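# Fold and contact review
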Amino acid sequence: MPDDNLYRPYDAEVALGGCSCGQHASQHEHDAAAAARRQQRARAADTLSQDFVEAAAVRALFPHDATRRRFLAAVGKATAMAAIASVLPLPALQAMAQESGGALEKKHLNIGFIPINCATPLIMADPLGLYREQGLEVTLQKTAGWALVRDRVLNGELDASHFLSPMPLAISMGLGSAPQPMRVATIQNVNGQAITLALKHRNNRDPRNWKGFKFAIPFEFSMHNFLLRYYLAEHGLDPDRDVQLRVTPPPEMIANLRAGNIDGFLGPDPFNQRAVYDEIGFIHILSKDIWDGHPCCAFGLSAEFIRANPNTYAALYRAVLKAAAMASDPANRPMIAKAIAPQNYLNQPEVVIRQALTGRYADGLGNVCDVPDRADFAPLPWYSMAVWMLTQMQRWGYVKGELDYRGLAEQVFLLTDARRLMQELGEPLPPQAQIGYRKIRVMGREFDPAQPQAYVDGFAIRRS
Amino acid sequence: MQAPPRIQAALLSLLLFGVLLGIWQLATRPVADTAARPLSAAEAEYAELMGQTAATGEAEKSNGFPTPWQFAATVAGQLADPFYDRGPNDKGIGIQLAHSLGRVAVGYLLALAVAVPLGFVVGMSPLLQRALDPFIQVLKPISPLAWMPIALYTIRDSTISGVFVIFICSAWPMLLNTAFGVATVRREWLNVARTLELGRLRTAFTVILPAAAPTILTGMRISMGIAWLVIVAAEMLVGGTGIGYFVWNEWNNLKLSNVLFAVLLIGLVGMALDLLLAGLQRRVSYGD
């Protein structure tokens, strides 16, 4: 077995969970040092997948990193590799890995996704073998729209799904559907959206002049809707009276932009970049310019499924968390773009997906921009994010009357589970994650999650 | 000397086809490149990100309307391997068609099993005919797309919902035509049957059914056309598999040559289904 494993599972000096070589204070420093070597190796999806599974397998053998290090130090790397090789093939290891938890209640799962970049972690867990590593047989089902995702999760056809992060809150409250307790296990991605305008508006970049514009948004209960409304209102436009917001599936956003039916959209990537690529639009601003670090999509499932299948739920959770950690490493992004481009997943040109993921992109006006944090993947479902979404639902009249912001946020967003499982996987946690609330800055205005009502009342343009 | 009319028509069809191809070719002819000049490094990167260089390795930019030649290449590519299966969201065109035809068959046969007997009963009883007429008239013009959300919500299964929508949309023409055919059987024939003291059941099967068969078959033919129209719309909505899903998936990628290919295929299959029923219709028709 060659010892060029990306994660160096046979190296006694390595902290297999955190920084992968142990020589750097943080993962960031490590990344910079190892970027060149990793990039070369990561370019081939196969090797990355093998490395990942192998590292995970070794980790499964030694749940406690200290034990693994002592073992490697005691017998030497070569002996250890030979010993472990005699235990491989992987299925045996996977079985061992499963024994650490209880037996899986359900092995064959249907997971829904919408073909956009936001779905990266839950898609990538499939080719990387992260579901299989947990003993799960997952069928990823491409779904035609958000309303259908909602309906198919509600009727149990999908066991878990890619959601827009406000959707589980809305479904739990019974907004736009029969009420059913729905949960957010992880946030799929942060940032990674944009406001795209038709090329004819290239000299009309001031939102104050946008009265009468028609914008497309993917769904009512979406961060896209809330962020666009927020952005317009901060510039003095009433999103319900001064402009028209149309719910439109993303591919049709491109077609409508081409036909001149809409002036722009706040939509998910890769469709912003697709508008640029098709030479019909330009990227006005990235969504990170409105709220840097905003959540977008979520990985969710019903409370009923979690209750009935606790072990399956934990296994699924681990797979998605690992995929998110992999996706958040910028060195892996070009490989991800290659892996999710085919028809089975996103069905988009690789060059378009890559630009949206790496942040080195053409803006449609002749410039090449370099924004490394255009898209990122951070799985922690902060309560404060949920509270912010609820304030916006209240602000725009989707919910009327008093709201138990914190109660609802802490019920729907499963931060405790995310924290526990991330700790088990040895993934780093920011200190505030213990409370789950942190202040948020949206277009310069501070949001204090302890004062949601005051925040809503502080807006000049609102429905309630 | 005049050629026979059949050959004349065929020639005219061919001529029309040629003209259409010519218009297509002219309309999609590539715009001549502006004079090639050396690009700066930044400009070159921008062009690459916009997919404007051949060096990106992608087959070609897939947006825009394809030329006839590109379309032919797409057709050849799709037909070369129609039954591949690369995961749940990427299957060959043959498999997609089979899924659609399967759904149409189930929905259509269910509709047939319900609508024809019901139409028979309605046609034999003027009272029922009048009583049911308002319901039929209201339900008949409802679009399949309008049924879909209701079906999804109540049936709670997207595959069965698709079949249900085909059922509900293709039942009405069969029901109405059967009822009409049965109600308009010539009185003389019924009188003859009565003179010969035939039982009600025997009259229905030996006199009314053969007499109404051509009208019933017309209804079946209309329904088949509707079922095939509906399946594409339904599959675009629910996704998963089928020719409608294929169109939706390629539309997602804005790959018009694949969409056009699917449209052509939908037309051809629809025509084949229609011809099949037309053949059946000829077998049951009679001259007075």
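Residues numbered from 1 in each chain as written. Chains lettered and ligands numbered in written order. Predicted model: local features only at pLDDT ≥ 70, side-chain atom pairs only at ≥ 80, totals over all residues. Heavy atoms only, no water.

This part takes up the overall build of chain B. Helix and strand content of chain B: eleven helices and zero strands. When the helices and strands of chain B are placed in sequence order, the string is α-α-α-α-α-α-α-α-α-α-α. Burial statistics for chain B: of 288 residues in total, 40% are counted as buried. Counting every atom, chain B has about 16,500 Å² of accessible surface; 70% of that belongs to carbon and sulfur. (Helix = DSSP H or I, 4+ residues; strand = E, 2+ residues; numbered from the N terminus. Buried < 20%, exposed > 50% of the residue type's maximum accessible area, 1.4 Å probe, protein only. Areas by Shrake-Rupley, 256 points an atom, 1.4 Å probe, with all protein chains shown as cover.)

All right, on to the confidence of the model for chain A then. All names here are of chain A. In the predicted model, chain A carries a mean pLDDT of 83, and the fraction of residues at 70 or more is 83%. For chain A, per-element mean pLDDT is lowest for helix α5 (residues 90–99), which scores 44, and highest for helix α10 (residues 223–234), which scores 93. Here residues 90–99 is a poorly scored stretch, pLDDT under 50, and it has 15 contacts once near neighbours within four places are set aside; other chains count. (pLDDT = per-residue confidence, 0-100. Contact = heavy atoms within 4.5 Å.)

Residues and elements named next belong to chain A. One pass over the structure, following the stated rule, counts 17 aromatic pairs over all chains. Ring centres of tryptophan 210 and phenylalanine 213 lie 5.7 Å apart, and the angle between their planes is 10°; on these two criteria the pair is classed as stacked. Of the residues examined, tryptophan 210 reaches a relative accessible area of 0% and is grouped as buried. The buried category is assigned to phenylalanine 213, whose relative accessible area is 7%. Look at tyrosine 383 and tyrosine 437: their rings are 5.5 Å apart centre to centre, the planes differ by 45°, and that puts the pair in the tilted class. With tyrosine 383 in helix α17 (residues 383–395) and tyrosine 437 in the loop between α19 (415–424) and β15 (440–442), this pair connects stretches of sequence that are 54 residues apart. Taking the relative accessible area as the measure of exposure, tyrosine 383 reaches 7% and is therefore buried. (Phe/Tyr/Trp six-rings, centres within 6.5 Å; stacked < 30°, edge-to-face > 60°.)

The next thing to look at is the packing of helix α6 (residues 144–155) of chain B against helix α7 (residues 158–183) of chain B. Residues and elements named next belong to chain B. Two numbers describe how α6 lies on α7: the axes approach to 9 Å, and their chain directions differ by 135°. Relative to α7, the element α6 lies oblique. Viewed along their axes, α6 and α7 form a crossing whose handedness is right-handed. Side by side, α6 and α7 meet where Pro144, Trp147, Met148, Ala151, Leu152 and Ile155 of the first sit next to Ser158, Ile160, Ser161, Gly162, Phe164, Val165, Ile168 and Cys169 of the second. Classifying every residue of the contact of α6 with α7 gives eleven nonpolar, three polar and no charged. (Axes fitted to C-alpha atoms, helices over the stretch in contact; angles between N-to-C directions. Parallel < 35°, antiparallel > 145°, perpendicular 65-115°, else oblique. Left-handed = near helix turned anticlockwise from the far one by under 90°. Nonpolar A, V, L, I, M, F, W, Y, C, P; charged D, E, K, R; others polar.)

Per-residue pLDDT for chain B has a mean of 83; in total, 91% of the residues score no lower than 70. In the predicted structure, residues 55–59 of chain B sits below a pLDDT of 50 and forms four contacts with residues beyond four places in sequence or in another chain.

On to the interface of chain A and chain B. At the interface, 44 residues of chain A touch 36 residues of chain B. Summing the contributions of chain A and of chain B, the shared interface buries around 3,300 Å²; its carbon and sulfur component is 48%. It is A:Tyr277, A:Gln343 and A:Asn344 that lose the most area in chain A upon contact with chain B, and together they represent 18% of the buried surface on that side. The interface formed by chain A and chain B contains four residue pairs in polar contact (both at pLDDT 80 or more). Of all the secondary structure elements, the ones that give two or more residues to the side of chain A that touches chain B are β2 (137–142), α8 (146–154), α11 (250–259), α12 (271–277), α16 (350–358) and β12 (360–362) of chain A. The dominant element in the side of chain A that touches chain B, judged by the number of residues it contributes, is α11(A), at five residues. Taken together, the residues of the side of chain A that touches chain B sort by class into 19 nonpolar, twelve polar and 13 charged. (Buried area = accessible area lost by both parts, 1.4 Å probe. Polar contact = N/O pair within 3.5 Å; in protein donor to acceptor, adjacent residues only side chain to side chain.)

Residue and element names in this part refer to chain B. Here the UniProt feature "transmembrane region" (unreviewed entry) sits at residues 6–27, 105–128, 162–183, 227–248 and 260–280. Along residues 6–27, the helical share is 100% and the strand share 0%, with 32 Å between the first and last C-alpha atoms. A distance of 29 Å separates the end C-alpha atoms of residues 105–128, which is 96% helix and 0% strand. (UniProt positions renumbered as here; feature names shortened; annotations may be inferred.)

This part takes up α7(B). For an α-helix, the turn length of 3.6 residues means that residues three or four places apart are oriented alike. All names here are of chain B. Helix length check: α7, at 26 residues, gives a terminal C-alpha distance of 38 Å against a target of 38 Å (1.5 Å per residue), a fit within 8%. At alanine 171, α7 is bent by approximately 30°, the largest bend along its length, and proline proline 173 sits one to four residues beyond. A large share of α7 lies buried, amounting to 20 of its 26 residues. (Expected span 1.5 Å × (residues − 1). Bend = angle between axes of the 7 residues up to and from the residue.)

Our next topic: the nonpolar core. Grouped together as the largest cluster of nonpolar side chains are 132 residues, with contacts concentrated most on A:Ile111, A:Tyr131, A:Trp146, A:Ile340, A:Trp388, A:Met393 and A:Phe413. It is helix α14 (residues 310–327) of chain A that contributes the most residues to this core, ten residues altogether. Structurally, this core is a two-domain feature, drawing no fewer than three residues from each of domain 2 (108–190 + 295–348 + 377–457) and domain 3 (193–292) of chain A. Every residue in contact with A:Tyr131, bar those within four places of it in the chain, is listed here: A:Ile111, A:Leu122, A:Ala125, A:Asp126, A:Leu136, A:Val138, A:Leu140, A:Leu316, A:Ala319 and A:Val320. Of all hydrophobic cores here, the second largest spans 57 residues; its members include B:Ile166, B:Ala212, B:Met220 and B:Ala227. (Core = buried A, V, L, I, M, F, W, Y, C linked by side-chain atoms within 4.5 Å. Domains from an automatic or database assignment.)

Attention now moves to the sheet that holds strand β11 (residues 297–302) of chain A. Residues and elements named next belong to chain A. Reading across from one edge, β2-β1-β3-β11-β4 is the order of the five strands in this open sheet, with mixed pairing throughout. Strands at the two margins of the open sheet, each flanked by one partner only, are β2 and β4 (182–187). Each neighbouring strand pair of the sheet contributes to a mean axis angle of 30°, computed without reference to strand direction. In this sheet, β2 lies alongside strand β1 (residues 108–113) in parallel orientation, the contact comprising six bridges. What sits directly across from phenylalanine 113, in β2, is lysine 142. Its contacts with the sheet place α14 against β1, β3 (160–164), β4 and β11, and it is angled at close to 30° to β4. (Pairing = 2+ DSSP bridges.)

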